[in-house]
Amino acid sequence: MKSTRRSFLRSAAASTFFIPAAKLYGQDLKGPASKQLRFAAIGAGGMGRNTTKGIIAGGGTVAALCDTDLDRLAEEARKYPGIPCFSDFREMLEKMGGDIDAVHVSTPDHMHAYPALWAMNMGKHVYVQKPLAHSFEECEMLAAKAKETGLVCQMGNQGHPGVLRYKALMDELNNPWGEIESIESWSDRPDYVGGDGKKRAIWKQGMREYAAVQPYAHGYNDKAWDIWCGPSANHGYSDAYAPGRWRGWWEYGCGPIGDMAVHNADPAFWLFNLGLPVAIQGDTCGFGPATVAFPFQSIIRMRFAPQPLFPKGVTLTWRDGGLLPSVTPDMNPSWKPGSNGLVIVGSKATTAATSHAAAPAVIAAGKTAWGDVARELKSTFNKVLKEVKTPNHYREWVEACVAGTPEACGSKFSYAAPLTEALLLGCLSLRFPGRELLFDTKAKRFTNCEQANALLKAPMRGGWNLAALAAKPWWKFW
């Protein structure tokens, strides 16, 4: 059945490419019809705009646009003359299903799972912006549906191809880190320091109550706002939520760890196959339990079970809000932690990198003072790194879709789901600051906090029922 299903999906993708043409909505079509990837954009503004551009540059052709923000939708549509536009992704998929074979989902975090599941049930390949979903259960649903359908499913952590640099170092230098002692990752989010040296807030955190309801703006109305909220709670429209201000709200975003750890800590999760932590403890830096919104700053410690490279287990510490990792005397005195980064501390080498799986640099060699040994090791690392070529993240997905080869994606759901789940457990720990939460990675539940187990579930509201959608066999949609 699996072989038949995947063969059908590949043949369907190849056969729906319609009427040969030189252009589509102002875009030059690339290659023969069987080699084209026509996709719909669910999310036209913000990161959705960038995703559409990235996929087109990677060889795709956008064939429909959808956004609940009608102002942003109209602005994006001007770039693609005559392109079909929708405010409801369900209507778009119903009407355009025969003219597309893929979608990208670039909505707020809480609305990643629903349109992705809907599209996958219709046999469409999906690209879902990071983090993969807003709850642990949603990640489980998406990973299961990707496996069931055999579709090409990729998460949008754009720097992920950079993990190949870490693989080259591990392979060619025979594990130059040695035994892994600790991992640290951090971000200045929700703030950042601009080129002028001034600190600015990208989004707000630390709210204690929901925003006051405002009259609709940006083209929103009752229907559009209901779609924007999806299965999550509808607290009424406010520009404190949209457009682009949702990330700090508990019910809509995943805070700094959801925004940046998926980039910054990605190489550690991938290289060491960390999977899910066995214990998590959050610190909200005096804010108290996170409820309505994420705290101004947080420190989250995730402990992972022993593996050959860390026989005693290892702890990954995440810091945000401008909190920086520790600097030890053996580190290169010229190294300073930047706004985002990853430090891997090993018995042989300690490396530091910036965000998006950037190349790691040696900043220490064991526990010896910085000197000739460390400089030579740094030079050895650089020689290996110079030879590594990394693929384009968007093109990787486009080519995998056209070929019908789901395993060709680097950040496929089988990897992206547990990565996101681990980070979401970190989010959840902020509801119980100072308390160590023990997690059974096989049963996928907490063993010492039933309140935390309740927060693993996907939300439901009215007719928005993710569990029912996930349970529906994909072929029932045909």
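Refer to the structure presented above.
Predicted model only: the values in this text are computed from it and were never measured.

### A look at the sheet that holds strand β9 (residues 180–187)
Right, so step 1: Taking strand neighbours across the sheet as the criterion, the nine strands line up as β17-β16-β15-β9-β14-β13-β12-β18-β19 in an open arrangement whose pairing is mixed. On the outer flanks of this sheet lie β17 (361–364) and β19 (445–446), each paired with one strand and no other.
Right, so step 2: Both strand β12 (residues 279–283) and strand β13 (residues 299–304) contribute to a ladder of five bridges, which runs antiparallel. The residue of β13 that forms the bridge with aspartate 283 is isoleucine 299.
Right, so step 3: Each of β9, β13, β14 (314–319) and β15 (340–346) touches helix α9 (residues 255–264); the most contacted strand, β14, lies at about 125° to it.

### What about the state of the cysteines?
Covalent bonding between the sulfur atoms of two cysteines is what defines a disulfide.
Right, so step 1: Under the definition given, this model contains zero disulfides.
Right, so step 2: Of all cysteine sulfurs in the structure, the one in cysteine 409 sits closest to cysteine 401, which takes part in no disulfide; the separation is 6.4 Å.
Right, so step 3: Accessibility expressed as a relative area gives 1% for cysteine 401, which makes it buried.

### A look at the layout of surface pockets
Right, so step 1: When its volume is computed, the largest pocket comes out at roughly 750 Å³.
Right, so step 2: Contributions of two or more residues to the lining of the largest pocket are made by α2 (47–57), α8 (222–229) and α9.
Right, so step 3: Here the residues of the lining of the largest pocket sort into 16 nonpolar, 15 polar and eight charged.
Right, so step 4: The space that makes up the second largest pocket amounts to roughly 340 Å³.
Right, so step 5: The element contributing the most residues to the lining of the second largest pocket is helix α13 (residues 413–429), with four residues.
Right, so step 6: Of the residues that constitute the lining of the second largest pocket, the class distribution is 12 nonpolar, four polar and three charged.

### Describing the environment of proline 176
Right, so step 1: If you trace the backbone, proline 176 turns up in the loop between α7 (163–172) and β9.
Right, so step 2: C-alpha of proline 176 to C-alpha of lysine 348: the two residues are 172 residues apart in sequence and 6.4 Å apart in space.
Right, so step 3: The contact partners of proline 176, leaving out residues within four places of it in the chain, are Leu169, Met170, Lys348, Ala349 and Phe381.

The rules we used
- Residues numbered from 1 in each chain as written.
- Predicted model: local features only at pLDDT ≥ 70, side-chain atom pairs only at ≥ 80, totals over all residues.
- Heavy atoms only, no water.
- Pairing = 2+ DSSP bridges.
- Helix = DSSP H or I, 4+ residues; strand = E, 2+ residues; numbered from the N terminus.
- Contact = heavy atoms within 4.5 Å.
- Axes fitted to C-alpha atoms, helices over the stretch in contact; angles between N-to-C directions.
- Disulfide = S-S within 2.5 Å.
- Buried < 20%, exposed > 50% of the residue type's maximum accessible area, 1.4 Å probe, protein only.
- 1 Å grid on protein atoms, 1.4 Å probe; cavity = no way out; pocket = protein on both sides within 12 Å on 5 of 7 lines; lining within 4 Å.
- Points joined across faces, edges and corners; volume = space filled by probe spheres on them.
- Nonpolar A, V, L, I, M, F, W, Y, C, P; charged D, E, K, R; others polar.

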